[in-house]
Number of protein chains: 2
Amino acid sequence: MEQIGFIGLGIMGKPMARNLLRAGFPLTVYTRNQATVAEFVEQGAKGARNPREVAEQSTVVITMLPDSPEVQEVALGPNGVIEGIKPGSLFIDMSTIDPAVARAVHAAFAERQVEALDAPVSGGQIGAEQGTLSIMVGGSEAAFERARPIFQVLGKNITHVGGPGAGQVAKACNQMVVALTIQAVAEALTLAARAGVDPARVRQALLGGFAHSRILEVHGQRMLENAFTPGFRARLHRKDLRIALNLGREFATPLPATAHVATLFDSLIANGGAELDHAALALVYRTLTGEGTTATEHSATA
Amino acid sequence: MEQIGFIGLGIMGKPMARNLLRAGFPLTVYTRNQATVAEFVEQGAKGARNPREVAEQSTVVITMLPDSPEVQEVALGPNGVIEGIKPGSLFIDMSTIDPAVARAVHAAFAERQVEALDAPVSGGQIGAEQGTLSIMVGGSEAAFERARPIFQVLGKNITHVGGPGAGQVAKACNQMVVALTIQAVAEALTLAARAGVDPARVRQALLGGFAHSRILEVHGQRMLENAFTPGFRARLHRKDLRIALNLGREFATPLPATAHVATLFDSLIANGGAELDHAALALVYRTLTGEGTTATEHSATA
């Protein structure tokens, strides 16, 4: 059985690591917060003092970290995974990061005879807790098959998208579509309300046809109820749009809609909405039309 | 039983009228093409020589026409419905038109003691044929209840959205969300392909999570297969976006995303794509990136 190392026990990583432990995998963990490490040790995991020590104890090392610089540091930096990992092991980064960084990580591990997968997820904290994440995977077929029993503990819709970095490209595409659909719903429901029509009934009418989306269902309802407690924080979605826009620049691909929705997220953040759910993009439209609470007021009263 | 008059037997109106005839409603029809009228007469309907004659024979008059000017002409012009309709009758316009024109039609009929409904539909030719249209209705509760048995023959998701014009507002919102979701999917799948990742696998990965939409399912697949035979023609969707943008101006509501996607539809149409399915918006992205066939080439070879 694989010896799993797990690094990064935040909002997403913690429930993911817990699910692996419950599924019976031997687990070694590391995260900055030593109290969280102690919590896992109590539940039967081994603790480690740094990423190198995790790698020394493991045949598969998983990272779940906030952004590209953290992954570079933990994977390739001093006392990083690469210093402890044995040839023939597997490195899986499940963070959402720049595909270019993901490809660099693949290349660095390949030099040590270690295969890597980029395997970012979608589905949020609830998906992590329930083991129902969508997992988008880049890397070799062999590495994907080796990781499959682990992914099956963590998620439901598991797709091998392509070679190194392809998982991160898919995740960037996912975040573009989600952001743009939120904007579409926000713009349409704002227009309905301004034209004197009940946006709840418009949402209902739209759910039955081609305008149907998960976003209209879930985030449309959030907009109607002003329910902007995260959920997925606006500042994190903005980060993911930066990744998409970087990709567009790297591959000379104009992304006019993504560039535009990114500026609306900037406006939401500038108005105090960084920590609100991304559905709060609707508040930008209220600011544009001089209606309702701003993000600052909303954050103050929430 | 209501005596139904049906005016406008085009791609949508013809199968709708046929479904009403099959459901056993007495039917009087008029459309410009006299061969189509003759076809309905053979099937047991009565024919009329103009909209006024249809109204004289009917307790409920339905119109299904291309755009606002045609509805104004047929409803309120010389030999129009208003000249023949009896007090206590019901006028239902199921075309997609400007909400302001819809409200004017309501007002004109109200002066004759005739109630009106604006009841635009979504679901296309297939929805019309199968009687599974989404119907978005504006007008009084009483008029809506009177029309319900008729709507139940024509559609499935039937929503009373609000007062006069509210159905048209909902339809405008529907067309905004559909156009913007098509753009989101086109932009994301274009980026995937440019980054060397199989867009079919990206679509598959995205279908399981928050990026899920009917558009990703249906129009995403069309983009992968270059299947741009309509479907719903780009020039008609552009018309519907004009209605949405007019509404935005009328109610001082900025619609930045809708304004932008309208310019992309203009580009598609300028490049020869007016008669292609609206999923052909993806061709604009191929033009932007210097890849693939333009709409003109596509139309020439299709």
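Here the residue numbering is sequential within each chain, running from 1 through the sequence in written order. All chains are assigned letters beginning with A, and all ligands numbers beginning with 1, in the order in which they are written. Reporting of local features is limited, given that this is a predicted model, to residues whose pLDDT is at least 70; pairs of side-chain atoms are given and counted only at 80 or more, and all residues count toward the totals for whole chains, interfaces and linings. The basis for every side-chain value is the complete set of heavy atoms in the structure, and neither hydrogens nor water enter the calculation.

### Some remarks on the overall build of chain A
Test applied: Secondary structure elements follow DSSP: runs of H or I no shorter than four residues count as helices, runs of E no shorter than two count as strands, and numbering proceeds from the N terminus. For the radius of gyration, the atom set is restricted to C-alpha positions; the globular benchmark scales as 2.2 Å times the number of residues to the power 0.38. Think of it in three bands: with a 1.4 Å probe and only protein chains considered, a residue is buried below 20% of the maximum accessible area for its type, exposed above 50%, and partly exposed in between. Residue contacts are counted whenever heavy atoms from the two residues lie within 4.5 Å of one another. Where accessible areas are quoted, they stem from the Shrake-Rupley method and a 1.4 Å probe; at the residue level, only the protein chains shown are allowed to cover. Charged-residue counts in this description rest on Lys and Arg as positive and Asp and Glu as negative, His and the chain ends being excluded. Charged side chains are reduced to one point each, which is NZ for Lys, CZ for Arg, CG for Asp and CD for Glu.
Helix and strand counts for chain A stand at 15 helices and 9 strands. Against the globule reference of 19 Å for 302 residues, chain A gives a C-alpha radius of gyration of 21 Å, in line with a compact fold. Seen through its principal axes, chain A has C-alpha atoms that stretch 65 × 45 × 35 Å. A buried classification covers 59% of the 302 residues belonging to chain A. Contacts in chain A between residues far apart in sequence, at least 24 positions, make up 65% of those at least 6 positions apart. As displayed, chain A offers around 11100 Å² of accessible surface, 52% of which is attributable to carbon and sulfur atoms. The averaged location of the 28 negative side-chain charges in chain A is 3 Å from the averaged location of its 26 positive side-chain charges.

### Quick word on the relation of the copies chain B and chain A
The cut-off we apply is this: Residues reaching a pLDDT of at least 70 in both copies supply the C-alpha atoms on which the copies are superposed by least squares.
Superposing chain B onto chain A takes a rotation of 180° plus a shift of 0.0 Å along the axis, which leaves an RMSD of 0.0 Å. Such a turn and shift between the copies fits a two-fold axis. Minimal C-alpha separation from the rotation axis in chain B is found for Ser213(B), amounting to 2.0 Å. With an isologous cut-off of 70% or more, the 100% of interface residues of chain B that recur at the interface of chain A puts this contact in the isologous class.

### Some details on the packing of helix α9 (residues 166-194) of chain A against helix α14 (residues 281-288) of chain A
What describes two packed helices is the angle between their axes and the distance between those same axes. Residues and elements named next belong to chain A. Here is the rule we go by: Convention adopted: a line fitted to C-alpha atoms gives each axis, helices being fitted over their contacting stretch, and angles between N-to-C directions are expressed from 0 to 180 degrees. When describing relative orientation, an angle under 35 degrees is termed roughly parallel and one over 145 degrees roughly antiparallel, while 65 to 115 degrees is termed roughly perpendicular and anything else oblique. Handedness of a crossing is defined here by the sense of rotation of the near helix relative to the far one, left-handed for an anticlockwise turn of less than a right angle and right-handed for a clockwise turn.
Across the interface, α9 lies against α14 with an axial gap of 9 Å and an inter-helix angle of 40°. With respect to each other, α9 and α14 are oriented oblique. Considering only the axes of α9 and α14, their crossing is right-handed. From α9, Ala-179, Ile-182, Gln-183, Ala-186, Glu-187 and Thr-190 reach across to α14, where they touch Leu-281, Ala-282 and Tyr-285.

### Remarks on the interface of chain B and chain A
Rules: Note on definitions: buried area is the accessible-area loss of two parts on being combined, 1.4 Å probe, summed for both. We define a salt bridge as a contact between a side-chain nitrogen of Lys or Arg and a carboxyl oxygen of Asp or Glu at a distance within 4 Å. Pairs of N or O atoms are called polar contacts if they sit within 3.5 Å, as long as, within protein, a hydrogen donor faces a hydrogen acceptor (for residues adjacent in sequence, only side-chain-to-side-chain pairs). When residues are sorted by character, Ala, Val, Leu, Ile, Met, Phe, Trp, Tyr, Cys and Pro go into the nonpolar class, Asp, Glu, Lys and Arg into the charged class, and all the rest, Gly among them, into the polar class.
Listed as interface residues are 59 residues of chain B and, on the opposing side, 59 residues of chain A. Note on chain B versus chain A: buried area summed over both sides is about 5000 Å², and carbon and sulfur give 71% of it. Looking at the side of chain B facing chain A, the largest losses of area belong to Glu187(B), Leu191(B) and Phe210(B), adding up to 15% of the total buried there. The interface formed by chain B and chain A includes 0 salt bridges. Our enumeration of links across chain B and chain A arrives at 16 residue pairs in polar contact (both at pLDDT 80 or more). Sorting the residues of the side of chain B that touches chain A by element identifies β8 (133-138), β9 (155-162), α9 (166-194), α10 (199-207), α11 (214-225), α12 (234-250), α13 (256-273) and α14 (281-288) of chain B as the ones contributing at least two each. Here the side of chain B that touches chain A gets 19 residues from one element, more than from any other, and that element is α9(B). Among the residues making up the side of chain B that touches chain A, the classes are represented as 34 nonpolar, 21 polar and 4 charged.

### Some remarks on the pairing of strand β5 (residues 90-93) of chain B
Residues and elements named next belong to chain B. Note the following rule: Think of it this way: DSSP has to see at least two bridges between two strands before they count as a pair. Call a crossover right-handed when, viewed with both strands pointing away from you, the route from the first strand across the helix to the second goes clockwise.
Neither face of β5 is left uncovered, since the one carrying Leu-90 and Ile-92 and the one carrying Phe-91 and Asp-93 both have all their residues buried. The pairing of β5 with strand β6 (residues 115-118) spans 4 bridges and is parallel. Each residue of the ladder has a partner; that of Phe-91, found in β6, is Ala-116. Taken together, β5, helix α6 (residues 99-110) and β6 constitute a β-α-β crossover, and its handedness is right-handed.

### Structural notes on the domain arrangement of chain A
Residues and elements named next belong to chain A. Definition in use: Domain limits in this description derive from either an automatic procedure or a database domain assignment.
Domain parsing of chain A yields domain 1 (4-162) and domain 2 (169-301). When each unit is reduced to the centre of its C-alpha atoms, the spacing between domain 1 and domain 2 is 30 Å. Each partner contributes residues to the interface: domain 1 has 14 residues there, and domain 2 has 12 residues. Surface buried jointly by domain 1 and domain 2 totals about 1000 Å² across both partners, of which 53% is contributed by carbon and sulfur atoms. At the boundary of domain 1 with domain 2, the tally comes to 3 salt bridges. Between Asp-67 and Arg-242 there is a salt bridge, with the nearest N and O atoms lying 3.5 Å from each other. Summed over the shared surface of domain 1 and domain 2, the result is 7 residue pairs in polar contact (both at pLDDT 80 or more). Listed by contribution, the elements that provide at least two residues to the side of domain 1 that touches domain 2 are α6 (99-110) and β7 (121-122). Top element by residues in the side of domain 1 that touches domain 2 is α6. It accounts for 3 residues.

### Thoughts on the pattern of salt bridges
All names here are of chain A. Under the counting rule described, the total for this entry stands at 28 salt bridges over all chains. One salt bridge in this structure joins Lys-239 and Asp-240, with 3.5 Å as the shortest N-O distance. For the pair formed by Lys-239 and Asp-240, the shared burial category is buried. Connected through shared salt-bridge partners, Asp-67, Asp-98 and Arg-242 make up one network.

### Notes on unusual backbone geometry
Going from Pro230(A) to Gly231(A), the amide bond is cis rather than trans, its omega being 5°. With respect to the secondary-structure elements, Gly231(A) resides in the loop between α11 (214-225) and α12 (234-250). Positive phi is not limited to glycine here, since Asn79(B) has a value of about 60°. With respect to the helices and strands, the residue Asn79(B) is situated in the loop between α4 (68-76) and α5 (81-84). Positive phi values are uncommon outside glycine, yet Ala252(B) reaches one of about 50°. Overall, the relative accessible area of 52% leaves Ala252(B) in the exposed class.

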